[in-house]
Amino acid sequence: METEWGCELQNLWDSACEQLRKEVGEYDFRNWISKAKLASIDGATAVFEVPTQFTGEWILQTYGDRILESIRNLDSSVHRINYIVSAKPEDMNDHNNVKNENSADAESSLHRFSLNSRFTFDQFVVGKSNEVAYQAARRVAEDAHVNFSPLFFYGGVGLGKTHLMNAVGWSLRQDNPDAKIIYLSAEQFMYLFVRALRTKNTLEFKEMFRSVEVLMVDDIQFIAGKDSTQEEFFYTFNALASESKRIVLSADRSPGKIEGLEARVRSRLQSGLVIELHPADYELRLGILQQKAAYLKETHPQLRFEKGVLEFLAHRIISNVRILEGALNRLVAAQSFIATDISMEYALHVLADLLRESDRKAQVDDIIRCVAQHYHLNTSDLLGARRSQDIVRPRQVAIYLAKHLTTRSLPVIGRAFSRDHTTVLHSIRRIEKLLVSDDELADDIDILRRRITEIA
């Protein structure tokens, strides 16, 4: 029975490995996951046997979710994974050889980090808000002797920081498969350092991180306030910088605004090229949606958007690219149930909650003032009776924004502009129609929406 059970476990693990190999790539699979063996399934927990504690912790930290999902697809009773360190008698015959081998394995494995295959330079859409960051990332990837280090990206969520760092990694791997590269989050760096302290294995930790050719750390703000981690990062940074190694970092704010950083760490972060990634403008958001839609059509041949849907999404969802892509993914998923082209009406229905959340509510007076300033008019022009084209269009824009950025009803908006309900409705429909083909108008409304939401 034990033999049969062992065969069942092996077959299950072999099947899971087929999928994992496709997801993480051949080299990552060979250097990480292949070192784990499915030892048992104890209740709802799948237990793996690994050669070292370091290997087990890193596999669990980096690939745990993927491994669990792969096993659950084959055995739905599994809800957790864990590991044990193998302790075979023959492994203890030559302690030094084993230690050296494990250290080499861990170093080789860590240099073969897990990258998101979607985040390459080819998949990165370049616009005014991220062009400088893109060019700097390409420079780091292509030139081993850049005259700035570190390259420090900062900006809000969903602006492309992680994408660019992954793209650097993929480009370097393509040009030099043997390059020693580490990409990880600041939390992972801290986790590994704390683990090294607990296991009294800090020497191996230092050797791994200080022998790389390129170090990339995402979300560096998470080491703020962590004194020991900051100290280790400081020494690692200095060791790499002294040898002109490439360092790429990211955070949600500039180094000078990260509270809890030691002065010496902040100084190092500010010593290279610091680049802010700005929110995507309308043109960039539309480009991202179009590229994403083209990519999705490869796996969903039946996917079609009616004219104006992508333009509408690019115009309405301005918070960040992740939410924008999430909206598109939601439409694609919903489209599988209706088996027809995605219309504007259907998009409004499926994304109603997201569209409501994406609009910060402002006051009608704020909108009138901002629109008047943008078009170099007086507020009295927008509220008056003049019907010249240079006034009618800005007035329609202001009414349109009042509809989408406030909770006011159409009659209330009409009274604010001294117009009746039908005039307000006509203005809104007119702008919605023009937005499909008038890029200049779309840019104007995009700029105005930003200004108004900033003061809301």
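A short tour of the structure in this document, coming up.

The rules behind these values
- Residues numbered from 1 in each chain as written.
- Predicted model: local features only at pLDDT ≥ 70, side-chain atom pairs only at ≥ 80, totals over all residues.
- Heavy atoms only, no water.
- Helix = DSSP H or I, 4+ residues; strand = E, 2+ residues; numbered from the N terminus.
- Buried < 20%, exposed > 50% of the residue type's maximum accessible area, 1.4 Å probe, protein only.
- Contact = heavy atoms within 4.5 Å.
- Areas by Shrake-Rupley, 256 points an atom, 1.4 Å probe, with all protein chains shown as cover.
- Salt bridge = Lys/Arg side-chain N within 4 Å of Asp/Glu carboxyl O.
- Pairing = 2+ DSSP bridges.
- Axes fitted to C-alpha atoms, helices over the stretch in contact; angles between N-to-C directions.

### Quick look at the overall build of the protein
The secondary structure content of the protein amounts to 21 helices and eight strands. The burial tally for the protein puts 50% of its 456 residues in the buried class. A fraction of 74% describes how many contacts in the protein between residues 6 or more apart in sequence connect residues 24 or more apart. Accessible area of the protein: about 22,800 Å², with a carbon and sulfur share of 48%.

### Some thoughts on the pattern of salt bridges
The tally for this structure, following the rule as stated, stands at 11 salt bridges. Among the ionic pairs, Arg369 bridges to Asp366, the shortest N-O distance being 3.2 Å. Of the two residues, Arg369 and Asp366 are both situated in helix α16 (residues 364-374); the distance of three residues between them amounts to about one turn of the helix. Residue Arg369 is classed as partly exposed on the basis of its relative accessible area of 35%. Across the pair Arg386 and Asp381 runs a salt bridge whose closest N-O atoms are separated by 3.7 Å. Among the residues examined, Asp381 registers a relative accessible area of 15% and is labelled buried. Within the structure, one salt-bridge network assembled from shared partners comprises Lys206, Arg210 and Glu232.

### A word on the sheet that holds strand β7 (residues 246-251)
Pairing is parallel across the open sheet formed by five strands, whose spatial order is β5-β6-β7-β4-β8. Every other strand in the sheet has two partners, leaving β5 (181-185) and β8 (273-276) as the edge strands with one partner each. Each strand of the sheet is rotated relative to its neighbour by a mean of 10 degrees, with strand direction disregarded. Pairing geometry for strand β6 (residues 214-218) and β7, over four bridges, is parallel. Along β7, the bridge assignment pairs Val214 with Arg246. The strands touched by helix α7 (residues 186-198) within the sheet are β5 and β6, with β5 carrying the most contacts at an inclination of about 100 degrees.

### Some details on helix α12 (residues 309-316)
Within an α-helix, residues lying three or four positions from one another point in the same direction, as the helix has 3.6 residues per turn. Taking burial as the measure, the eight residues of α12 include seven buried ones, the bulk of the element. Regarding α12, the residues found buried are Val309, Leu310, Phe312, Leu313, Ala314, His315 and Arg316.

### Some points on the sheet that holds strand β2 (residues 45-50)
Pairing is mixed in the open sheet, where three strands are placed in the order β1-β2-β3. Of all the strands in the sheet, just β1 (37-42) and β3 (80-85) have a single pairing partner and so form its edges. Strand-to-strand twist across the sheet, computed as the mean angle between neighbouring axes with direction ignored, equals 30 degrees. Pairing analysis gives six bridges linking β2 to β3, with the strands arranged parallel. Within β3, the position partnered with Phe48 by the bridge is Tyr83.

### Some details on the pairing of β7
Taken across its six residues, β7 has six buried, putting it largely inside the fold. Side chains of β7 alternate between two faces, with Arg246, Val248 and Ser250 and Ile247, Leu249 and Ala251 buried alike. Examined bridge by bridge, strand β4 (residues 151-154) and β7 share four bridges and lie parallel to one another. Residue pairing across strands places Tyr154 opposite Ala251, the latter belonging to β7.

### Side note on unusual backbone geometry
With an omega dihedral of 10 degrees, the bond running from Ser149 to Pro150 counts as a cis peptide bond. Relative to the helices and strands, Pro150 is located in the loop between α5 (131-142) and β4. The backbone of Ser418 shows a phi angle near 60 degrees, a positive value even though the residue is not glycine. If you trace the backbone, Ser418 turns up in the loop between α19 (410-416) and α20 (421-435).

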